[in-house]
Amino acid sequence: MGVAISIQDLSFTYAYAETSRPALRHINGEVEEGTFVVMMGHEGAGKSTLCYALNALVPRFFRGEYTGRVVVHGQEVGKARVAEMSRRVGLVLQDFEAQLFSTSVELEVAFGPENLCLPRDEIERRIDRYLRFVGLAEMRRREPASLSGGQKQRLAIASVLALEPPVLVMDEPTTDLDPIGREEVLTVADTLRQEQRTLLIVDHDPETGVDADQIWLMRDGEIVAQGPPRRVLTDLPLLESCGVQPPSTVALFQALGWPGQPLTVEEAIAAIQEHGLAQPRPLQVPTASTDGRPVILEVCDVDFVYPTRAVKALSGVNLEIREGEFIAIVGQNGSGKTTLAKHLNGLLKPTRGEVLFRGRPVREIRRTEIARCVGYVFQNPDHQIFAGTVREEVGFSLKMAGMDAKTIEERVAEALEVVGLSGYEEEVPFTLTKGERQRVAVASVLAAQPQVIILDEPTTGLDYRHQRSMMEMLRALHRRGHTVIIITHSMWVAAEYAERVVVMKDGRILLDGPARAAFAQEETLAEAALRPPPLLRLGNWLGTSGLTLDDVVEELRAR
Amino acid sequence: MNIFLYLDEDTWFHRLDPRTKIIGVVLLFGVALVFNHPLYMAGIALGLVLLAAAAKALPNFWRMRYILILLVVFSTVLWPFFAEGPTVLWSWGPLEVSRESLMYAIAMGLRLASFVAAGLIFLSTTTNEEFTHGLIRLKLPYPVAFAFSTALRLVPTFAGAGATIVQAQISRGLDVESGNIFQRAGKFIPLAVPLFIYAVRHTNMLAMALESKGFNPGAKRTWYLNPQMRRADYLVLALLTALFLGALFLRLRGYGAVLPRL
């Protein structure tokens with residue numbers, strides 16, 4: 001086996017960046033042909049930059065100070081143009097939506113081979129081969145825009161594979177996907193491995209890294225650890241310092257002082273059985289009732305049909321939300337989560353049925369007033385940030401409501417304090433990090449002091465550290481008496497923070513109950529193609545009723 | 001939201017070479033420009049409807065029905081005041097409506113509708129890439145054609161992002177529907193800024209993706225699409241050319257015009 005990628009003392013500093021801090025510092029690394037490398041690290045650690053450095057986007061597309069040497073399959077990257085590198089390195093960018101631009105699936109795949117000046121029958125062959133490879137052969141004539149997230153990402157992969165590069169690099173290929181889409185993409189990655197292709201993937205989820213040949217752990221532009229997953233993923237303090245979520249099974253075993261470092265639930269169960277560490281018991285779910293509290297939002301038998309589509313996006317949905325609840329709505333894309341949430345603040349009006357806020361139909365509440373009753377934070381903060389300063393951004397809804405300057409000032413300060421951004425008033429929101437922009441978006445909704453706050457995918461695209469602090473902030477909000485509703489694909493987030501979980505499938509509510517009880521029903525969840533997070537899968541087997549690592553540890557100690 | 005009009009059917013019209021379709025539409029425009037008699041124009045409009053039926057493009061006519069009707073109605077109401085004819089029907093001060101100007105107006109309405117109809121048939125049967133490819137085969141430089149088709153392609157993407165942005169700001173209490181015109185104009189800033197930034201980010205990403213797939217606008221490349229001029233294409237072009245020349249001939253002989261000087 002030869003060396004596919006060799007990186008020698010690579011440093012890079014972006015020109016025209018906010019800071020003059022190097023994005024990459026003295027990177028060294030070597031990847032054997034046919035191996036699988038997973039890169040992990042916090043936001044801004046330099047993972048994307050390193051990906052770009054492999055196909056010459058750094059330093060050709062992004063200019064800057066470049067030292068060191070990167071060689072991919074005999075070609076020195078620093079001396080090649082991006083188009084030349086495309087024969088050796090395929091790069092699937094993080095934002096798959098932005099990569100698709102053709103009007104049909106087959107033409108999307110044809111684009112790369114066309115650039116390589118391949119004859120028509122060869123292009124035809126590659127379209128066939130790679131669409132079949134990613135499982136989209138039936139979709140040849142479809143419009144890419146009409147595909148699901150997972151399908152789009154697989155199409156993006158096929159369109160890069162069609163150039164037949166020996167090395168494939170994927171920058172967070174699963175971040176924006178629902179669990180099914182994630183599974184689909186990881187299956188493709190698996191097949192690629194079996195074909196002995198060199199594969200580099202950037203990912204946040206430790207479960208992806210379990211099968212890797214090597215993990216590269218990055219922090220502040222440096223590679224701080226390089227090695228097999230069993231070594232890197234078990235060094236919890238190091239993972240923590242890189243903003244990477246540690247595998248919860250390892251964390252559990254270390255906390256209890258149990259022998260072994262199981263990376264997966266299966267390994268953990270095997271280790272427990274082998275060493276007789278604990279006896280599985282039937283699970284008893286504590287019933288914490290919220291029934292006493294007054295109902296704040298009520299969805300009564302709602303159907304909804306989008307004007308341009310024939311299918312019901314919601315059908316016969318009934319939901320009672322009580323004051324001060326913390327609810328997670330989970331389900332695949334297209335299951336109706338966002339559609340349901342948009343009914344709660346009147347952005348969508350039910351085709352049939354009614355939504356009530358404190359007994360009053362939401363459709364009758366004025367736009368400017370609804371912002372003060374039910375706040376809604378959209379998934380992407382960049383869809384709403386427009387102002388020159390954080391102060392102006394956060395005060396926007398108050399200004400719209402016609403409040404005086406002094407009240408606005410006070411409320412903005414308060415909202416910024418809640419999200420942990422005090423002192424950021426004069427900052428330009430666009431220059432903040434993604435996690436901070438997300439907080440600005442939350443603050444701008446909070447400033448109106450809505451009783452209910454809905455967040456669509458509050459942790460998507462954030463690294464583990466930012467996910468934690470975002471969720472801690474929501475927990476604090478919840479403690480202050482707010483009703484918090486999140487839509488999420490992240491099962492551990494739902495498990496650890498929500499009191500109640502609503503599972504949606506095909507526009508209906510499949511399951512609705514206290515978090516622990518919901519996650520105990522693995523079979524029902526599987527119907528919605530969902531799986532409890534590893535800790536709770538293990539907990540379901542062991543019969544522990546805790547939702548967080550600390551609770552489970554305590555419970556097992558007490559046994 | 002789908003603002004593209006392409007209908008994925010398999011008719012003889014869909015199978016024509018994009019060059020034929022582009023030239024054909026231009027010829028049809030020409031034919032519609034020749035006459036200004038409502039009866040002749042009605043004939044042309046009817047012909048286009050039949051053509052649309054053959055090309056299975058009628059669903060798009062239905063989708064665009066309001067635009068088509070508005071064009072005819074507005075034109076019929078407004079044109080009489082701007083064209084002068086000998087037989088005055090009604091006059092008030094400097095305003096007058098003549099029999100001829102009224103007929104001319106109807107013809108103009110039909111002409112506009114015919115333009116739209118011809119365009120609709122074209123867009124219903126031609127994908128963005130085929131159109132671009134047709135332009136390239138007609139000797140338009142590739143970078144120009146590519147920029148053109150990418151711009152077209154990005155419209156629905158930006159429209160989708162725009163819709164999300166509107167919802168996000170409405171949820172924060174932005175009320176776009178009230179206020180006078182200046183207040184309303186000010187309210188577009190919270191919509192325009194995020195959209196602009198989105199567009200910059202998006203196009204930057206797209207540029208990176210294109211380069212990563214070996215795109216080089218100046219270099220040689222091959223094509224997967226490979227439309228061929230077949231017998232049907234030549235036949236259609238010959239027919240349309242004959243139709244156009246015949247129309248021109250008729251008009252020069254004095255037929256098909258209510259107001260010959262216009």
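Residues numbered from 1 in each chain as written. Chains lettered and ligands numbered in written order. Predicted model: local features only at pLDDT ≥ 70, side-chain atom pairs only at ≥ 80, totals over all residues.

## Some words on the overall build of chain B
Then step 1. Secondary structure assignment for chain B yields eleven helices and two strands.
Then step 2. Listing the helices and strands of chain B from first to last along the sequence gives α-α-α-α-α-β-β-α-α-α-α-α-α.
Then step 3. For 262 residues, the compact-globule estimate of 2.2 N^0.38 gives 18 Å, and chain B exceeds it by more than 25% at 23 Å.
Then step 4. A total of 262 residues make up chain B; the buried ones form 34% of that total.
Then step 5. For chain B, long-range pairs separated by at least 24 residues make up 78% of all intrachain contacts whose partners lie at least 6 apart in sequence. (Helix = DSSP H or I, 4+ residues; strand = E, 2+ residues; numbered from the N terminus. Rg over C-alpha atoms; globule rule 2.2 N^0.38 Å. Buried ≥ 20, exposed ≤ 12 C-beta atoms within 10 Å, placed from the backbone. Contact = placed C-beta atoms within 7 Å.)

## Details of the interface of chain A and chain B
Then step 1. On the chain B side, the residues contacting the 53 residues of chain A number 43 residues.
Then step 2. The element best represented in the side of chain A that touches chain B is helix H5 (residues 105-115) of chain A, accounting for six residues.
Then step 3. Taken together, the residues that form the side of chain A that touches chain B break down as 31 nonpolar, 16 polar and six charged. (Nonpolar A, V, L, I, M, F, W, Y, C, P; charged D, E, K, R; others polar.)

## Describing unusual backbone geometry
All names here are of chain A.
Then step 1. The residue after Val58, namely Pro59, is reached through a cis peptide bond having omega 10°.
Then step 2. With respect to the secondary-structure elements, Pro59 resides in helix H2 (residues 57-61).
Then step 3. Even without a glycine there, the phi angle at His26 is positive, about 45°.
Then step 4. As for its position among the elements, His26 is in strand S2 (residues 24-32).
Then step 5. Notably, Asp506 is not glycine yet its phi reads approximately 50°, a positive angle.
Then step 6. Examined against the element boundaries, Asp506 turns out to sit in the loop between strand S19 (500-505) and strand S20 (508-514).

## A word on the nonpolar core
Then step 1. Formed by 190 residues in total, the largest nonpolar core has its most connected members in Ala53, Ala158, Ile329, Ala443 and Ile454 of chain A.
Then step 2. If you look at the next biggest cluster of nonpolar residues, it comprises 36 residues, including Tyr40, Ala52, Ala83 and Val236 of chain B. (Core = buried A, V, L, I, M, F, W, Y, C linked by C-beta atoms within 7 Å.)

## Here we look at the domain arrangement of chain A
Residues and elements named next belong to chain A.
Then step 1. The domain boundaries assigned to chain A delineate domain 1 (3-235), domain 2 (247-277 + 530-559) and domain 3 (295-528).
Then step 2. Here the C-alpha centre of domain 2 lies 34 Å away from the C-alpha centre of domain 1.
Then step 3. Between domain 1 and domain 2, the residue contacts involve seven residues of the former and six residues of the latter. (Domains from an automatic or database assignment.)

## Overview of the packing of helix H16 (residues 390-400) of chain A against helix H17 (residues 405-418) of chain A
Residue and element names in this part refer to chain A.
Then step 1. Interhelical geometry of H16 versus H17 gives an angle of 125° and a closest axis separation of 9 Å. Here H16 is positioned oblique relative to H17, judged by the angle of their axes. Viewed along their axes, H16 and H17 form a crossing whose handedness is right-handed. In this structure, H16 uses Arg391, Val394, Gly395, Leu398 and Lys399 to contact H17, whose residues at the interface are Ile408, Arg411, Val412, Ala415 and Leu416.
Then step 2. In the contact of H16 with H17, the residues fall into six nonpolar, one polar and three charged. (Axes fitted to C-alpha atoms, helices over the stretch in contact; angles between N-to-C directions. Parallel < 35°, antiparallel > 145°, perpendicular 65-115°, else oblique. Left-handed = near helix turned anticlockwise from the far one by under 90°.)

## Some details on the environment of Gly254 of chain B
Then step 1. Looking at the element boundaries, Gly254 of chain B is found in the segment after helix H11 (231-252).
Then step 2. Each C-alpha atom, one on Gly254 of chain B and one on His14 of chain B, is 36 Å from the other, the two residues being 240 residues apart in sequence.

## What to know about the confidence of the model for chain B
Then step 1. The predicted model of chain B averages 88 in pLDDT, with 98% of residues at 70 or higher.
Then step 2. Both scores are given for the predicted complex: the pTM is 0.88, the ipTM 0.86. (pLDDT = per-residue confidence, 0-100.)

## Thoughts on the sheet that holds strand S6 (residues 89-92) of chain A
Residues and elements named next belong to chain A.
Then step 1. One open sheet accounts for six strands, arranged S6-S7-S8-S3-S9-S10; its pairing is mixed. A strand with exactly one partner marks an edge of an open sheet, and here the two such strands are S6 and strand S10 (222-227). Neighbour-to-neighbour, the strand axes of the sheet open up by a mean angle of 15°, direction not taken into account.
Then step 2. Here five bridges tie strand S9 (residues 214-219) to S10, and the two strands are oriented antiparallel to one another. Within the sheet, the bridge partner assigned to Ile215 lies in S10 and is Gly227. (Pairing = 2+ DSSP bridges.)

## Some details on the domain arrangement of chain B
Then step 1. Along its sequence, chain B is carved into domain 1 (12-126 + 231-252) and domain 2 (142-212).
Then step 2. Inter-centroid distance (C-alpha atoms) of domain 1 of chain B to domain 2 of chain B is 34 Å.

## Here we look at the sheet that holds strand S5 (residues 75-76) of chain A
Residues and elements named next belong to chain A.
Then step 1. What the four strands build is an open sheet, ordered S2-S1-S4-S5; its pairing is antiparallel. The sheet is open, and its two borders are formed by S2 and S5, each paired with just one other strand.
Then step 2. When strand S1 (residues 3-14) meets strand S4 (residues 64-72), the two strands line up antiparallel, connected through eight bridges. Counted as the bridge partner of Ile7 is Val70 from S4.

## Points about the environment of Ala255 of chain A
Residues and elements named next belong to chain A.
Then step 1. Tracing the chain through its elements places Ala255 in helix H12 (residues 248-256).
Then step 2. The class of Ala255 is partly exposed, set by 16 C-beta atoms lying within 10 Å.
Then step 3. Here the alpha-carbon distance between Ala255 and Glu472, two residues 217 residues apart in the chain, equals 22 Å.
Then step 4. With residues up to four places along the chain from it excluded, the contact list for Ala255 reads Leu549 and Val553.

## Details of helix H8 (residues 179-194) of chain A
Residue and element names in this part refer to chain A.
Then step 1. End to end, H8 covers 23 Å across 16 residues, agreeing with the expected 22 Å (1.5 Å per residue, within 8%).
Then step 2. What H8 keeps buried is the set Pro179, Gly181, Arg182, Glu184, Val185, Val188, Ala189 and Leu192.
Then step 3. Of the residues flanking the end of H8, it is Gln196, one or two places downstream, whose phi is positive at about 65°. (Expected span 1.5 Å × (residues − 1).)

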